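Chain by chain, the residues:
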Amino acid sequence: MNRIDTRGMSCPQPVLMTKKALDKNPEGLEILVDNNTAKGNVERFLKSSGYTTKITEDGEDFILEAKK
Amino acid sequence: MKGKKGIILAGGAVGLISVILGYYGNPGNMGYCIACFLRDIAGALGLHRAGVVQYIRPEIIGLVLGAFLISLKNKEFESRGGSAPFMRFMLGMVVMIGALVFLGCPLRMVLRIGAGDLNAIVGLAGFLAGILVGVRFLNKGFNLKRNYKMPKIEGYIFPVVNVGWFILLITAPAFIFFSETGPGSQAAPILMSLAAGLIVGVLAQKTRLCMVGGSRDMMLFKDNYLLLGFISIIVVSFIGNISLGFFNLGFAGQPVAHTDGLWNFLGMAVVGWGSVLLGGCPLRQLILSGEGNTDSVVSVMGMIVGAAIAHNFGLASSPAGATLNGKVSVIIIFVFLAIISYFNSDDLAKTNI
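Residues numbered from 1 in each chain as written. Chains lettered and ligands numbered in written order. Predicted model: local features only at pLDDT ≥ 70, side-chain atom pairs only at ≥ 80, totals over all residues. Heavy atoms only, no water.

Draft legend 1. Representation of the overall build of chain B in the model. From N to C terminus, chain B includes 14 helices and 2 strands. Since a compact globule built from 353 residues should have a radius of gyration of about 20 Å, the 18 Å found for chain B is in line with a globular shape. Each principal axis of the C-alpha atoms in chain B carries an extent, and together these give about 55 × 45 × 45 Å. Sorting the 353 residues of chain B into buried and exposed places 60% on the buried side. (Helix = DSSP H or I, 4+ residues; strand = E, 2+ residues; numbered from the N terminus. Rg over C-alpha atoms; globule rule 2.2 N^0.38 Å. Buried < 20%, exposed > 50% of the residue type's maximum accessible area, 1.4 Å probe, protein only.)

Draft legend 2. Just the pairing of strand 4 (residues 61-67) of chain A, in detail. All names here are of chain A. Burial analysis of strand 4 places 6 of its 7 residues in the buried class, which makes it a mostly covered element. In this sheet, strand 4 lies alongside strand 2 (residues 28-33) in antiparallel orientation, the contact comprising 6 bridges. Each bridged residue has a counterpart across the sheet, and for Ile31 the counterpart in strand 4 is Leu64. Of the strand pairs in this sheet, strand 3 (residues 52-58) and strand 4 are connected by 7 bridges, and their pairing is antiparallel. When the bridges of strand 4 are listed, Thr52 appears paired with Lys67. (Pairing = 2+ DSSP bridges.)

Draft legend 3. Summary view of the interface of chain A and chain B. Across the contact, 18 residues belong to chain A and 23 residues belong to chain B. Of the roughly 1600 Å² buried where chain A meets chain B, counting both sides, 45% is carbon and sulfur surface. When the buried surface of chain A facing chain B is broken down by residue, Pro12, Leu16 and Arg44 of chain A rank first, second and third, together holding 28% of it. Our count for the contact surface shared by chain A and chain B stands at 4 salt bridges. (Contact = heavy atoms within 4.5 Å. Buried area = accessible area lost by both parts, 1.4 Å probe. Salt bridge = Lys/Arg side-chain N within 4 Å of Asp/Glu carboxyl O.)

Draft legend 4. Just empty space enclosed by the protein, in detail. Residues and elements named next belong to chain B. As enumerated under the stated definition, the model contains 2 cavities of 30 Å³ or more in all. Of the pockets and cavities examined, the largest cavity occupies roughly 90 Å³. By volume, the second largest cavity amounts to about 50 Å³. Residue contributions to the lining of the second largest cavity peak at 3 residues, all from helix 9 (residues 211-221). Split by residue class, the lining of the second largest cavity holds 3 nonpolar, 1 polar and 4 charged. (1 Å grid on protein atoms, 1.4 Å probe; cavity = no way out; pocket = protein on both sides within 12 Å on 5 of 7 lines; lining within 4 Å. Points joined across faces, edges and corners; volume = space filled by probe spheres on them. Nonpolar A, V, L, I, M, F, W, Y, C, P; charged D, E, K, R; others polar.)

Draft legend 5. Region of interest: the packing of helix 9 of chain B against helix 10 (residues 225-244) of chain B. Residue and element names in this part refer to chain B. Relative orientation of the contacting elements helix 9 and helix 10 amounts to 130°, with a least axis distance of 7 Å. Relative to helix 10, the element helix 9 lies oblique. At the point where helix 9 passes helix 10, the crossing takes the left-handed sense. Judged by residue contacts, Met211, Gly213, Gly214, Ser215, Asp217 and Met218 of helix 9 engage Leu226, Leu227, Phe230 and Ile233 from helix 10. Grouping the constituent residues of the contact of helix 9 with helix 10 by class yields 6 nonpolar, 3 polar and 1 charged. (Axes fitted to C-alpha atoms, helices over the stretch in contact; angles between N-to-C directions. Parallel < 35°, antiparallel > 145°, perpendicular 65-115°, else oblique. Left-handed = near helix turned anticlockwise from the far one by under 90°.)

Draft legend 6. Geometry of the environment of Pro255 of chain B. Residues and elements named next belong to chain B. Tracing the chain through its elements places Pro255 in the loop between helix 10 and helix 11 (261-278). The class of Pro255 is partly exposed, set by a relative accessible area of 30%. A C-alpha to C-alpha distance of 8.1 Å links Pro255 and Pro319, two positions 64 residues apart in sequence. Look past the residues within four positions of Pro255 in its chain and what remains in contact with it is Gly28, Asn29 and Arg108.

Draft legend 7. Structural context of the layout of surface pockets. Within this model, the largest pocket holds a volume of roughly 990 Å³. Going through the elements one at a time, helix 2 (36-48) of chain A together with helix 3 (58-73), helix 9, helix 12 (282-290) and helix 13 (294-312) of chain B are the ones with two or more residues in the lining of the largest pocket. At 4 residues, helix 2 of chain A tops the list of elements feeding residues into the lining of the largest pocket.

Draft legend 8. Spatial organisation of the packing of helix 3 of chain B against helix 8 (residues 190-207) of chain B. All names here are of chain B. The geometry of helix 3 relative to helix 8 is characterised by a closest axis approach of 6 Å and an angle of 40° between their N-to-C directions. The orientation of helix 3 relative to helix 8 falls into the category oblique. Of the two possible hands of crossing, helix 3 and helix 8 adopt the one that is right-handed. From helix 3, Pro58, Glu59, Ile61, Gly62, Leu63, Leu65, Gly66, Ala67, Ile70 and Ser71 reach across to helix 8, where they touch Ile190, Ser193, Leu194, Gly197, Leu198, Val200, Gly201, Val202, Gln205 and Lys206. Broken down by class, the residue content of the contact of helix 3 with helix 8 amounts to 11 nonpolar, 7 polar and 2 charged.

Draft legend 9. Up close: the environment of Thr18 of chain A. Residues and elements named next belong to chain A. With respect to the helices and strands, the residue Thr18 is situated in helix 1 (residues 13-24). Overall, Thr18 belongs to the buried group, its relative accessible area being 0%. Spatially, the C-alpha atoms of Thr18 and Ile4 are 7.6 Å apart, while their sequence positions differ by 14 residues. The contacts of Thr18, once residues within four sequence positions are left out, are Ile4, Leu29, Ile31, Val42, Phe45 and Leu46.

Draft legend 10. Broad picture of a nonpolar patch on the surface. Residue and element names in this part refer to chain B. Together, Leu16, Ile20, Tyr23, Tyr24, Leu244 and Phe246 give the surface a local cluster of nonpolar side chains, amounting to about 570 Å² of exposed area. Per-element tally for the nonpolar patch: the top contributor is helix 1 (residues 3-23), with 3 residues. Position of Leu16 among the secondary structure elements: in helix 1. (Patch = residues over 30% accessible without salt bridge, like charges linked within 9 Å, V, L, I, M, F, W, Y side chains within 5 Å. Areas by Shrake-Rupley, 256 points an atom, 1.4 Å probe, with all protein chains shown as cover.)

Draft legend 11. Representation of the confidence of the model for chain A in the model. Model confidence for chain A is summarised by a mean pLDDT of 94, while 100% of its residues fall at 70 or above. Here helix 2 of chain A stands out as the least confident element of chain A, with mean pLDDT 94; strand 2 of chain A is the most confident, with 96. (pLDDT = per-residue confidence, 0-100.)

Draft legend 12. Looking closely at the nonpolar core. Ranked by size, the top nonpolar core spans 112 residues in total, and within it Ile31 of chain A together with Tyr32, Ile34, Leu107, Met109 and Phe127 of chain B carry the most contacts. Sequence-distant contacts of Leu107 of chain B, that is, excluding residues within four places in its chain, are made with Val14, Tyr32, Ile34, Met211, Ile233 and Leu283 of chain B. (Core = buried A, V, L, I, M, F, W, Y, C linked by side-chain atoms within 4.5 Å.)

In structure tokens form, the structure reads like this:
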């Protein structure tokens, strides 16, 4: 699965990057985020775009796994 | 306090407390105004000498410390910085100048709308136009590059500075300026203002309330979460103003406002566009500053310097209207924003990557 790294980017960049990457890989995506705000925003965007999201903690970061 | 209920409640609290602050002495339709209050602090510190707008506003201190304490408690405090600091400083500066041409930050614009000030509707049109332009650049890949983890102490400095401001307010040494007339002399009691800041600082940190984020996220993603907070402030302040008899529909005779429509529009267009590039309105920058984001601290410092320049150079409007210097500065700022927007958009300026 393709992965994008949004660590260090401030909002709305993580959501914008997710949107762009999903346009290229509509079947699914892994998104690496490093703060709660970005996690919440990306999760909400994925939900409204019809994806199911699995979140796992990776040290201080989070991996959001989006599937159709 | 998760989800839409939370943001509606937070917006409602802002609207309600604003009206209360006005009732207990803050200037008209100025329960909260991040731009005006930072400008007052700049004046109190002697960075500008406009005698009618000098006061260390406890609301600002409360907002920063409220966000600081709640983010510590929820383990969301994190020292981060290093994302294009000088561009952020300059953007903070121009956002402040735009706000002082209009006479209010986006939060005060919303409060003015809730009090029936129709000039603020003109400002809102400009604000939305500015956001629209900013969003177009976001879609072309605009970004200010990533931030990095900083030493913990980096994030603690700004909250400590705010404690220092509070000590200066209480002890009132001779080198701090306090207005004796004008808006700077009108203020709710210190502890009430501080509490008002703390409460909204906590709520805004938890909900990420942002005046520019609402319209931006609607345009970008059709996401109405933040917009609900924006609307909630208008509705509750409208009800509050009606019940206390502060509501006054019209253009003329509004408190701390002018009727120069074109410059109300263009001033807020600067604020909308600049705030989208910064990633949040002045309120949001303050809240992020409390959470350890020193890029936002740099933006706030830019706003304080911008306020000093705006009054020293005669750029700020008065109830009589916009000044010639203010109009010229807005034109220059549009050129500046266009250059910054173009050269930071990955799809436009290929050399940026």
